[in-house]
Amino acid sequence: MSEPHDPSQDQEPSGTASRRTFLARTGAAAGGLLLAGAGPAAAAAPAVHTGPRKKTLEEVIHEGAAQQQYPPVVRSDVTTYTQSSVRLNLLKQGVAAMRLRPAVDRRSWDYQAKIHDIWCDNPPQPDKYVHYSWRFLVWHRAYLYFNEQILQQAAGSTGFAIPYWNWTDNLKLPAQYYGTSNPLNDPTRVMGPNDSLDPRQTAISGLLALTDFPPFGGTVGAAGGVETGPHNYVHRSVGGDMGDFATAGLDPIFWAHHCNVDRVWWLWLNQGGGRSNPVDPAWLTQSYPFIDTQGNQFTIPFSVAAGLPVSYNPPPRVVAISSTPGTLSGPKTVRAMIDPLVSQSVASRMASATPPPVLHVSGVTVPPQPVTVNVFADQPEAGAGTSTAERGFVGSFTLIPSGHQHDVDLRVPLHQHVPDLLQAMAAPSAREGVSFTLVPVGATGVTYQGLELEI
Amino acid sequence: MQGPPRAPGGRSAKRTRTALSAALLLLAGCAARAGAAAPSSSCTPQPGAMPQRYTLSAPVAALTLGAAPLTLGPCRLSADAVRSVMAAASPGAAVLLVEGVRAPRGATVLVFVDRPGASAATPTADAAFAGSFTLLRGGPGGGVNVQVALAPQLAAAVRDDGEFTLTFVAVDPRGRAEDPGLSMDRVVLELH
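A few words on the packing of aromatic side chains. Residues and elements named next belong to chain A. Following the criterion strictly, the structure yields 22 aromatic pairs over all chains and no others. With a centroid separation of 4.9 Å and 80° between ring planes, the pair formed by phenylalanine 254 and tryptophan 255 is classed as edge-to-face. When sorted by exposure, phenylalanine 254 lands in the same class as tryptophan 255, which is buried. Each residue in the set Tyr70, Trp109, Trp139, Tyr143, Tyr145, Phe146, Phe254, Trp255, Phe290 and Phe298 is aromatic and connected to the rest through ring pairs, giving one cluster. Seen from the ring of tryptophan 265, arginine 141 lies directly overhead, with NZ or CZ sitting 4.0 Å from the centre. The cationic tip of arginine 189 hangs over the ring face of tyrosine 178; the distance from NZ or CZ to the ring centre is 5.2 Å.

Written as structure tokens, this is what we have:
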């Protein structure tokens, strides 16, 4: 299933083809494929897993119930993909590896983008056109999901997912997607790193307030508000490859953008209140072909695509603690400066059962001996002998050596003595900083690249 | 085509405009104030139809939207329809359905309810801003259909007299006025 990552692929330049070049390069490769279930041409499509007989609704629903065969994916806000984080590097490695594959390879970057061109710009049948209809959200969910599987395979790790660009709160295109030697860059973009979107056109509160699917997600013949609202607006604003459905998939930001579109759908549905997806058999049974990690083509109906196990971590409020590398040769105290607004937010939610704060430790080098690192808040005098029963003890992590020496990103929930920790962060003095002391027990020499606090 | 002067937005301006447009409503229904030749429409619900549909432009002539804003209306809702909109719990209780939209170069269109003076300079923070729709370049030649939910803005507009206008403003991604060469076959208000 997985293939080893070749570090030399990191050197792949991030250049993208013009639309004309792209179409010429991939047209012959993909033009005759991906037509399963789409009419007579389907007969010529290789590796189609489904037969020609149209499934009954009962069979389709049964397939939906069997969705557990698909591994769950939890996606996070791109702002948590810090520049030094391992998962950002894995994302880059995966994209770079896919870019190196020849266009005829169904798992190549070009071929995957061509899939979008086929179904979103030049469908073999008009009624298979994905956009401007109720097909939009569900088709893209499956397209994203199976592309993500290929991306993970290309990176040789399932330790990351495609991040989402929460353009409602972050109006600038994420910095992680710029840089001349960055495989996530696309030089055709019109939107520069300092340009901002119009917040009124990326607002989702009105969309989430809708209770019926049609104005939200579309009908058989009309687009919903998600699609022609923020979705299309962001496409057009980014411009370049993103400004045209034929080439949009070439720009790596396309995937982060669509993860957020999918997240909006996920948020909408999870509100309850009678919100539901279409139950019309015409929607449930419509099927499209996708590509698996082996490069095989298979077909699934919307009933299965809609139920693919994707979920989303909430956008974090991340407080940078230290962006400089450090070494735990003994207890080390750092300070997190808590913005007053964040303090107020913490204070307002102290009575509710909210998730505990999380300490992100990025780029951690696993030492040759096992080590546990205890974390204390507002207890700078803590040392190796300090009991974890102390109220200042908020969490810990343990590193166990393995045969492979590699850096890891750690996400450490600070779930001990949470009320005390929240109290410290909600206090007016928090703007002067809340101290966190990391105490290694058992070994020393743990190094890290950066520390962040997620609230 | 140069349309008649547009009245500035706001409730007081609306009073003047309503008096002037009553005859227009009888003769030509909901008329386009700028852009293409004014098509006629009944601006009344289709008998027996659910959802209630108010057509603000007739299918006999496509509307075009250029650099100048396009205002449709005023359109008067029935008393029942006004009560329905006022009681709406969801923005989706009133949906604008724009049919047969074609914008070969791509377009972003801001939709304002009862703000006939709206332009590219009108901030999207304006309470009359109901939403926007964007089309990318290319797309199906026959045009596409888009929806904009606008119950809150419509409720505010029809509260007093049951009348409202719709104003479409084409902007580029930076919010500046532009001529997208956009056309649309029909504009329909659906009340659910």
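What follows continues from the structure just given.
Our focus in this paragraph is the state of the cysteines. Evaluated as defined, the whole model comprises zero disulfides over all chains. Here cysteine 120 of chain A stays unpaired: no disulfide links it, and the sulfur of cysteine 259 of chain A, its closest cysteine neighbor, is 15 Å away.

Take the confidence of the model for chain A next. All names here are of chain A. When pLDDT is averaged across chain A, the result is 83; 82% of the residues are at 70 or more. Between the elements of chain A, mean pLDDT differs from a low of 49, seen in helix α2 (residues 57-65), to a high of 98, seen in helix α5 (residues 135-155). Taken as a whole, residues 1-18 scores under 50 in pLDDT and shows 40 contacts with residues more than four places along the chain or in a different chain. Confidence drops under a pLDDT of 50 for residues 64-68, and excluding neighbours within four residues, the segment shows four contacts in the predicted structure.

Below, the discussion takes up the nonpolar core. Within the largest apolar cluster, 128 residues are counted, with the highest numbers of intra-cluster contacts made by Leu77, Phe133, Leu154, Phe164 and Phe168 of chain B. If you tally residues by element for this core, the top one is α5 of chain A, at 13 residues. With near-sequence residues (within four places) excluded, phenylalanine 168 of chain B lies in contact with Leu65, Pro69, Leu70, Leu72, Leu96, Val98, Val109, Leu110, Val111, Phe133, Met184 and Val187 of chain B. Formed by 39 residues, the second largest nonpolar core is a distinct cluster that contains Leu359, Val375, Leu410 and Leu421 of chain A.

Turning to the interface of chain B and chain A, a few remarks are in order. Counting residues at the interface gives 31 residues for chain B, matched by 32 residues for chain A. Connecting chain B to chain A are three salt bridges. Linking arginine 174 of chain B and aspartate 195 of chain A is a salt bridge whose minimum nitrogen-to-oxygen distance equals 3.2 Å. Scanning the region where chain B abuts chain A turns up 16 residue pairs in polar contact (both at pLDDT 80 or more). Mapped onto the side of chain B that touches chain A, the elements with two or more residues apiece are β4 (94-101), β5 (107-113), β6 (129-135) and β7 (144-149) of chain B.

With that settled, the discussion passes to unusual backbone geometry. Peptide bonds are, in most cases, trans, and in most cases residues other than glycine have a negative phi. Look at the link from glycine 73 of chain B to proline 74 of chain B: it is a cis peptide, with omega at 10°. Note that proline 74 of chain B resides in strand β3 (residues 70-76). One non-glycine residue, aspartate 378 of chain A, lies in the positive phi region at around 50°. Looking at where aspartate 378 of chain A falls in the secondary structure, it is placed in the loop between β9 (371-377) and β10 (393-399).

Calculation notes
- Residues numbered from 1 in each chain as written.
- Chains lettered and ligands numbered in written order.
- Predicted model: local features only at pLDDT ≥ 70, side-chain atom pairs only at ≥ 80, totals over all residues.
- Heavy atoms only, no water.
- Phe/Tyr/Trp six-rings, centres within 6.5 Å; stacked < 30°, edge-to-face > 60°.
- Buried < 20%, exposed > 50% of the residue type's maximum accessible area, 1.4 Å probe, protein only.
- Lys NZ or Arg CZ within 6 Å of the ring centre and 35° of its normal.
- Disulfide = S-S within 2.5 Å.
- pLDDT = per-residue confidence, 0-100.
- Helix = DSSP H or I, 4+ residues; strand = E, 2+ residues; numbered from the N terminus.
- Contact = heavy atoms within 4.5 Å.
- Core = buried A, V, L, I, M, F, W, Y, C linked by side-chain atoms within 4.5 Å.
- Salt bridge = Lys/Arg side-chain N within 4 Å of Asp/Glu carboxyl O.
- Polar contact = N/O pair within 3.5 Å; in protein donor to acceptor, adjacent residues only side chain to side chain.

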